[in-house]
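# Summary of the model geometry
Chain by chain, the residues:
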Amino acid sequence: MQIPLRDATPSGPTGMFSDSCYNEMYAPDGSVRAHYARLAAWLASTPAERVAHMRKAAQVLFHRVGITFAVYGEDSGAERLIPFDILPHIIPVSEWRELHAGLRQRVRALNMFLHDVYHDREIVKAGKIPEDKVLQNAQYRREMQGIGVPGGIYAHIAGVDLVRAGQGEYFVLEDNLRTPSGVSYMLENRKMMMRLVPELFAQELIAPVEHYPDLLLDMLRSVAPHGVHNPTVVLLTPGQFNSAYFEHAFLAQQMGVELVEGADLFVKDDVVYMRTTSGPQPVDVIYRRIDDDFLDPVAFRADSMLGVPGLVSAYRKGHVTLANAVGTGVADDKSVYPYVPDMIRFYLGEEPIISNVPTWRLENKEDLGYVLEHLQELVVKETQGSGGYGMLIGPTSTAREREAYKQRVLDAPHKFIAQPTLSLSTCPTFVEQGVAPRHIDLRPFVLSGKDVVMVPGGLTRVALKEGSLVVNSSQGGGTKDTWIVG
Amino acid sequence: MLSRTANNLFWMARYVERGENTARILDITYRMSLMPQDRSVAQKEWFAPLNITGTLFPFSGRFSTVGAHDVLRYMVLDPDNPSSIMSCARAARENARAVRGAITSEMWEVLNSTWLELQNFNESRLDTEGVSHFFDWVKERAHLFRGVTVGTALKDEAFHFNRLGIFLERADNTARILDVKYHVLLPSVEDVGGAVDYYQWAAVLRSVSAFESYRKVYRDVITPLRVAELLILRVDMPRSLHACMREAYDIMQILARPQAEEALRRAGALWSELHFGRIDVIFNRGLHEYLTEFLTRTDALGQEINRSYFTLS
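None of the values given here were measured: they were computed from a predicted structure.

## Some details on the overall build of chain A
Along its length, chain A carries 15 helices and 23 strands. Taking the principal axes of the C-alpha coordinates as reference, chain A spans close to 65 × 55 × 45 Å. Relative to its full complement of 486 residues, chain A shows a buried share of 48%. Across chain A, contacts joining residues at least 24 apart in sequence account for 70% of those joining residues at least 6 apart.

## Looking at the overall build of chain B
A tally of regular secondary structure across chain B gives 18 helices and zero strands. For 313 residues, the compact-globule estimate of 2.2 N^0.38 gives 20 Å, and the C-alpha radius of gyration of chain B, at 19 Å, lies within 12% of that figure. If one aligns the C-alpha atoms of chain B with their principal axes, the spans along those axes are about 60 × 50 × 35 Å. The proportion of buried residues among the 313 residues of chain B is 47%. Put simply, 71% of the contacts in chain B that link residues at least 6 apart link residues at least 24 apart.

## Examining unusual backbone geometry
The linkage connecting Ala-323 of chain A with the following residue, Asn-324 of chain A, adopts the cis geometry, with an omega of -5°. By secondary structure assignment, the location of Asn-324 of chain A is in the loop between strand S12 (321-323) and helix H12 (329-332). Residues other than glycine seldom take positive phi values, yet Arg-219 of chain B does so here, at roughly 45°. You can see Arg-219 of chain B is positioned in the loop between helix H13 (211-218) and helix H14 (224-232). Among the residues examined, Arg-219 of chain B registers 7 C-beta atoms within 10 Å and is labelled exposed.

## Describing the pairing of strand S6 (residues 233-236) of chain A
All names here are of chain A. Residues of S6 alternate between two faces, with Val-233 and Leu-235 on one and Val-234 and Leu-236 on the opposite face, all of them buried. Taken together, the four bridges between S6 and strand S11 (residues 285-288) define a ladder with parallel strand orientation. Considered in S11, the bridge of Val-234 is made with Ile-286. With three bridges joining them, S6 and strand S7 (residues 258-260) adopt parallel strand pairing. Its bridge partner lying in S7, Leu-235 is registered against Leu-259.

## Details of the sheet that holds S11 of chain A
Residues and elements named next belong to chain A. Within the open sheet, the four strands sit side by side as S7-S6-S11-S12. Their pairing is parallel. The strands lining the two open edges of the sheet, one partner per strand, are S7 and S12. Pairwise comparison of adjacent strand axes, ignoring direction, gives a mean angle of 30° for this sheet. Running at roughly 150° to S7, helix H9 (residues 245-255) makes contact with S6 and S7 of the sheet.

## So, the packing of helix H2 (residues 48-65) of chain A against helix H6 (residues 183-196) of chain A
Residues and elements named next belong to chain A. H6 packs onto H2 with a crossing angle of 135° between their chain directions and a minimal axis gap of 11 Å. When the axis of H2 is compared with that of H6, the two are oblique. Both H2 and H6 take part in a crossing whose hand is right-handed. Taking contact as the criterion, the partners of Met-54, Ala-57, Ala-58, Leu-61 and Val-65 in H2 are, on H6, Glu-188, Met-192 and Leu-196. The residue inventory of the contact of H2 with H6, partitioned by class, reads seven nonpolar, no polar and one charged.

## Structural notes on the confidence of the model for chain B
For chain B, mean pLDDT is 90; residues scoring 70 or higher make up 93% of the total. Complex prediction metrics read pTM 0.85 and ipTM 0.76.

## Describing the environment of Val-453 of chain A
Residue and element names in this part refer to chain A. With respect to the helices, strands and loops of the structure, Val-453 is situated in strand S21 (residues 452-453). Spatially, the C-alpha atom of Val-453 lies 8.9 Å from that of His-100, the residues being 353 residues apart in sequence. Other than its neighbours up to four places away in sequence, Val-453 contacts Leu-215 and Leu-447.

## Focus on the nonpolar core
Residues Leu-110 and Phe-113 of chain A together with Met-245 and Ala-248 of chain B are the most contacted members of the largest nonpolar core, which totals 208 residues. If we ignore the near neighbours within four places in the chain, the residues touching Met-245 of chain B are Ala-171, Ala-267, Leu-270, Trp-271 and Leu-274 of chain B. Counting twelve residues, the second largest nonpolar core, distinct from the first, contains Leu-362, Leu-375, Leu-392 and Ala-418 of chain A.

## Let's talk about the pairing of strand S10 (residues 279-282) of chain A
Residue and element names in this part refer to chain A. By the bridge criterion, four bridges tie strand S9 (residues 271-276) to S10 in an arrangement that is antiparallel. For Arg-275, the partnering residue across the bridge sits in S10 and is Pro-280. Adjacent in sequence and paired antiparallel, S9 and S10 are bridged by two residues.

## Concerning the interface of chain B and chain A
Chain B puts 19 residues into the contact, and the matching count from chain A is 18 residues. Broken down by secondary-structure element, the contributors of at least two residues to the side of chain B that touches chain A are helix H1 (3-33), helix H6 (85-98) and helix H7 (105-118) of chain B. Classifying every residue of the side of chain B that touches chain A by side-chain character gives eight nonpolar, five polar and six charged.

## Thoughts on the confidence of the model for chain A
Overall, the prediction assigns chain A a mean pLDDT of 89, with 92% of residues at 70 or greater. Residue range residues 1-19 of chain A is modelled with pLDDT below 50. Its contacts to residues more than four positions away, or to other chains, number 35 contacts.

## Comments concerning the sheet that holds S9 of chain A
Within a beta sheet, neighbouring strands are joined by backbone hydrogen bonds and run either parallel or antiparallel to one another. Residues and elements named next belong to chain A. Read from one edge of the open sheet, three strands run S8-S9-S10, paired in antiparallel fashion. Of all strands in the sheet, those bounded by a partner on one side alone are strand S8 (265-268) and S10. Here the average twist between neighbouring strands, direction ignored, is 40°.

## Considering the environment of Arg-55 of chain A
Residue and element names in this part refer to chain A. As for its placement among the helices and strands, Arg-55 is situated in helix H2. Through-space distance from the C-alpha of Arg-55 to that of Glu-363 is 47 Å; in sequence the pair is 308 residues apart. If we skip the residues at most four places from it in the chain, Arg-55 touches Ile-86 and Phe-430.

## Brief notes about the environment of Phe-63 of chain B
As for its position among the elements, Phe-63 of chain B is in the loop between helix H4 (56-62) and helix H5 (68-76). Spatially, the C-alpha atoms of Phe-63 of chain B and Tyr-74 of chain B are 9.5 Å apart, while their sequence positions differ by eleven residues.

Definitions and limits used
- Residues numbered from 1 in each chain as written.
- Chains lettered and ligands numbered in written order.
- Predicted model: local features only at pLDDT ≥ 70, side-chain atom pairs only at ≥ 80, totals over all residues.
- Helix = DSSP H or I, 4+ residues; strand = E, 2+ residues; numbered from the N terminus.
- Buried ≥ 20, exposed ≤ 12 C-beta atoms within 10 Å, placed from the backbone.
- Contact = placed C-beta atoms within 7 Å.
- Rg over C-alpha atoms; globule rule 2.2 N^0.38 Å.
- Pairing = 2+ DSSP bridges.
- Axes fitted to C-alpha atoms, helices over the stretch in contact; angles between N-to-C directions.
- Parallel < 35°, antiparallel > 145°, perpendicular 65-115°, else oblique.
- Left-handed = near helix turned anticlockwise from the far one by under 90°.
- Nonpolar A, V, L, I, M, F, W, Y, C, P; charged D, E, K, R; others polar.
- pLDDT = per-residue confidence, 0-100.
- Core = buried A, V, L, I, M, F, W, Y, C linked by C-beta atoms within 7 Å.

In structure tokens, the structure reads:
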């Protein structure tokens, strides 16, 4: 198969598009991989009834704790559990070290890119990325031009989606630099597993993840405006009808910071205050889980009921830190994604440790022609889309769907990219009929403050439908605990 | 703490307490209805829970007669009745959900699992297991919630607003329960001091878990005057108006601040009148009149608290 690769997009290794995908637990000869040996032994020696009981117990517990999410478009207030699978995704520590280095490298470069595009735009001048990719991007915020942010950090919290394809090579599928979610599931999944199978934690050295809220709080305090010694941190949520409200409340509670809604804050003389029972109290750092557009009805969408009038003005004066910064979307946009390897080379002078997935940009006539001819083999995504909405998965699509999608692409080719249908790696997963391989991905959460840190592992998402490659919780995906063992 | 958070905590507590007291009122009405008595009296008794909770009017809009079956259905599981136990549990959970960061995980889990368990109740299950069993369960969940709060929560402002909600709601509810005798058909002259009268007052005591305390305190027969004294003026009786207002006043002193002086004054006035009050004076004025005024003043105190703490800018 011929893949027209542009710019410096690294070419995929051979075997990447083969039908047989990498199985996390079993080697091709059917033997259990070494880092899964203990789990396999446990599985073989544990009666099926006990396992069934555990799966049920997990459900009841998650319901009681209220780890639910709201699905848009359903009855308002409908709460659903994200299915949890008790078979963990296991990664040997040697592999994780490599991923850790690759993630640090990537997120450092992305932050440098963000600083650059809002200041001197050296990367544009160097011809590494077309100017219109940056300036014409809907996510580019002119309000941020020339504004200094503490430590030059924009994407304080990054969720980087990793997949494995081919013979097990890792690829970055996408960067999430706006308000990435899912970390509460990582933490709750671990808590659940320690409760359900303490014996496995006793036998095996499984790297802990429970200190994530400490790292997060530490990072948020470290990026307070200059001169603030004991900063007040708050978490800004759109409110309890947001699909990720559970996570917002959970993180606020774990960090011991106030969970605020827009109406709890106000701005006076470019200083942000929260309304408390003892009067106004100044706020220094806002971990915001509201999109840029809704942050401030004065600066952005005037119809936003969620935001705080005057917030962006206070922010631009440096009186408050927003994490993540305004305007990070320009770096995680799917149309900018193909340039990330070049950012790494440009800013760090290093070769990318983790590769990008080869990507066709449909604004190129050549790419467009190829993609339209091979729709059935490819995954086509909107550059502005997220959450698995609005994408076409060639191999599982019908002719009618492809035809409809083709029309949408032709109407605005620059709004789409295409990627090969990766044979994502599979991990054994409990399904109705027993244990079966299901496709997974991994989202580690990378924190950038004075340093770039992360807890080992991340959130493993699993596509529960047989053959499905869509792991998003909004579309029938589930989650697993992720173990870094060594 | 955030004004909005304080407001949610206050109402979370009030709804837990209200749900429990609704169960208590219904339980007692149910028990009283089992007493051997005139059928017309028995029917009248089912007006009491509706009168106490102020839901007679909406109820009458949906049901033509007032009877055990419909009142229970309306007051227990009806999601459209804002005073039903189901609605109280939902409101308590929703308030808790809005402030999950401000309460402990254990507190949240009690309210959440109570609400989830309530989803499994329906009329036929109530019939099979018996309503008394259900009311006991509701009371246990409320006990559990308060115990978990005391056992896990930091004694900070969140704790105090939560407790303030409990005691204001409880004062209100005890006053309403005590007034139940007014709403039930008054016994005829020959019944005063008779068996029916005795059982009804005993039932009032039992509904607020005060029957055994009564025996300990008075070591004598049950009389209306003493029942009222126990439930209004005794500070050592945990559900009495005096005990509730004392707790409320104590909490408001902890929460005192310049903009809340009027709220503190009102709480102090209510407390001191109970502290120095006499039951014969109250009876001379009329118990029903006294309780009605008490409810009006507690409501005004609640509004003053709302103005002083929850609606700041």
